[in-house]
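# Remarks on the overall topology
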Amino acid sequence: MSTTRTTTPQLRNSLNFSGGPGALPESVLQQVQQSILEVPEVGLSILGISHRSDWFASVVAELENNIRLLLQLPNNYHVLFLQGGATQQFSMIPMNLLPGKSAPAEYLHTGYWSGKSIAEAQRVGNIHTLWDGTATGFGSLPKDEELDFAADAAYFHYVSNETVEGLQFHHVLGRDDVPRVCDMSSDFLSRPCSAERYSLIYAHAQKNIGPAGVTVVLVRDEALKDAPNNLPGFLDYRSHINAHSIFNTPPVFAIYVVLLITRWLLKDIGGLSNMEAINRSKAALMYHALDESNGFYRGRAAHADRSMMNVSFSLPTSEIEKRFLAEAHSAGFSGLAGHRSVGGIRASIYNGLTVDAVHELVDFMNAFQKRS
Ligand SMILES: *Cc1c(COP(=O)(O)O)cnc(C)c1O
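It should be emphasised that the depicted structure is a prediction, and the values quoted were computed from it without experimental measurement. What you see as residue numbers is a count from 1 along each chain, following the sequence as written. Predicted model: local features are reported for residues with pLDDT of at least 70 only, side-chain atom pairs are reported and counted for 80 or more only, and whole-chain, interface and lining totals are derived from all residues. Hydrogen atoms and water are omitted, and side-chain values are computed over all heavy atoms in the structure.

### Describing the overall build of the protein chain
The secondary structure listing takes helices from DSSP runs of H or I that are at least 4 residues long and strands from runs of E that are at least 2 residues long, numbered from the N terminus. In terms of helices and strands, the protein chain carries nine helices and 12 strands. Under the scheme applied here, a residue whose accessible area is under 20% of the maximum for its type counts as buried, over 50% as exposed, and between as partly exposed, the area being computed with a 1.4 Å probe on protein chains only. Here the protein chain holds 372 residues, and the buried ones make up 53% of them. Across the protein chain, the fraction of contacts at a sequence separation of at least 24, relative to all contacts at a separation of at least 6, is 67%. Only the protein chains shown count as covering a residue, and every accessible area follows the Shrake-Rupley method with a 1.4 Å probe. Of the roughly 16,200 Å² that the protein chain leaves accessible, carbon and sulfur atoms contribute 51%. Between two residues, a contact is recorded if the distance between any of their heavy atoms is within 4.5 Å.

### Some details on the sheet that holds strand β9 (residues 215–220)
Across the sheet, seven strands lie side by side as β1-β9-β8-β7-β4-β2-β3; this open sheet has mixed pairing. Lying at the two open borders of the sheet, with one neighbouring strand each, are β1 (77–82) and β3 (127–132). Strand after strand, the sheet turns through a mean of 20 degrees between neighbouring axes, direction not considered. Pairing between two strands requires that DSSP report at least two bridges joining them. The sheet contact formed by β1 and β9 spans six bridges and is antiparallel. When the bridges of β9 are listed, Phe 81 appears paired with Val 216. For helices, the fitted line uses only the C-alpha atoms of the stretch in contact; every axis is such a line through C-alpha atoms, and the angle between N-to-C directions lies from 0 to 180 degrees. The strands touched by helix α3 (residues 85–97) within the sheet are β1, β2 (105–109), β7 (180–183), β8 (200–204) and β9, with β8 carrying the most contacts at an inclination of about 160 degrees.

### Quick word on the sheet that holds strand β11 (residues 310–314)
The pairing of strands in a sheet comes from backbone hydrogen bonds and takes either a parallel or an antiparallel form. The strand order β10-β11-β12 describes an open sheet built from three strands, whose pairing is antiparallel. Each end of this open sheet is capped by a strand with a single partner; those strands are β10 (298–299) and β12 (345–348). Strand direction decides the pairing type here: β10 and β11, joined by two bridges, are antiparallel. Its bridge partner being in β11, Gly 299 is matched across the sheet by Phe 313.

### A closer look at the site of the ligand
Nearness is defined per residue: one heavy atom within 4 Å of the molecule or strand is enough. What surrounds the ligand is a group of 14 residues, the closest being Thr 87, Thr 163, Asp 183, His 204 and Lys 207. In the analysis that follows, any N or O atom pair within 3.5 Å is treated as a polar contact, provided that within protein one partner can donate a hydrogen and the other can accept it, and provided that, for residues neighboring in sequence, both atoms belong to side chains. His 204 places a side-chain nitrogen or oxygen 2.6 Å from an oxygen atom of the ligand. Expressed as a share of its isolated accessible area of 390 Å², the protein-covered part of the ligand is 87%. Broken down by element, the shell around the ligand gets its largest block of residues, four residues, from α3. Class assignment for the residues of the shell around the ligand results in four nonpolar, eight polar and two charged. Lys, Arg, Asp and Glu make up the charged group, whereas Ala, Val, Leu, Ile, Met, Phe, Trp, Tyr, Cys and Pro make up the nonpolar group; the residues left over, Gly among them, are polar.

### Let's talk about the packing of aromatic side chains
Stacked, tilted and edge-to-face are the three classes assigned to paired rings of Phe, Tyr and Trp, where Trp is represented by its six-membered ring and a pair needs centres within 6.5 Å; plane angles under 30 degrees give stacked, over 60 edge-to-face, the rest tilted. Counted under the stated rule, the structure contains 19 aromatic pairs. Between Phe 149 and Phe 156 the ring centres are 4.8 Å apart and the planes differ by 70 degrees, which places this aromatic pair in the edge-to-face class. By the burial criterion, Phe 149 is buried, and Phe 156 matches it. Ring geometry for Tyr 158 versus Phe 169: centroids 5.4 Å apart, planes at 85 degrees, classification edge-to-face. Taken as a pair, Tyr 158 in strand β4 (residues 156–159) and Phe 169 in the loop between β6 (167–168) and β7 lie far apart in primary sequence, 11 residues in all. Each member of the pair, Tyr 158 as well as Phe 169, is classed as buried. Site record: aromatic cluster; members linked through ring pairs are Phe 17, Phe 296, Tyr 297, Phe 313, Phe 324, Phe 333, Phe 364 and Phe 368. Lysine NZ or arginine CZ positioned within 6 Å of the ring centre and within 35 degrees of the ring normal marks a charge as sitting over the ring. Over the ring of Tyr 198 we find Arg 180; its NZ or CZ atom is 5.8 Å from the centre of that ring.

Written as structure tokens, this is what we have:
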């Protein structure tokens, strides 16, 4: 076997299975690399282009339009690019949607991130946890018949993909007559999502669609009609709507990378149904490897609730897990350690991670099992 590379070197970055920030497509990274030196149509580095320039206004407009195209988003939705991550949305949502409502907002506690969202919402107002998976260790999601949604809830909030536990809802939850709010941070633009059935969707960029620094919020106009008038400007969605996401200096770089990702989704991938098919095939490879391992690789999530984005599993002992992570690292894989709150192994297979990379990981896993 030759040790010298004769063709274009494949970046080790292609084997980044991190839970977030996640892998981005190499073709996009190459455009990013160019833009750091100079955005061709502007003649300036992306790091030094004014957010007040016409060019940046066109970036925001194209990105907004691309998201509308990808999701077939109706015109009564605003598309916002905010800062503060998903964590700021945990507070901003109840601050804007809860005041003045007589009934509590309903939340599902399905894992680590929904737990964080509930803790923040409780600081703002009256929250009812409709279902709580704490006692069963977040190994599965609620069945429809376990959920008795209130008709008068201020709104209903859930997390579509629990990134840490590797649990994903595969249908839309809640009632159509109660405002539906969803944290899609770890599966946004990984599949079609019936966006028109939600009052508010939020997703930071750094799992599937870009670098940290920007959070996409899609909000139906009507959802904000009772928002209070005494919120700090930065925490009031209407400020950002009125300012077209340039209320203050926005993260120009992060927003530009998300634009490149949406171009890639539209032109290279061909839309979200195609993206879903690719993500589904990657997940099938991973789960097949777990299921065929005779119990050596133990999937964390109940079969029906398995995530197409985060494959969480454990090995027979923590000693073997340590060896697995060390040998995987030597073989060029990164980001495979489970979240610090649950341990084990987690392979995150976001949009930017290729089918080839998953094949490589599965080959590694099969070989590791044989020699263990
Ligand atoms: C990673 C993650 C978060 C945390 O987002 P920040 O941008 O770090 O605040 C929230 N929700 C979900 C579903 C996540 O995966």
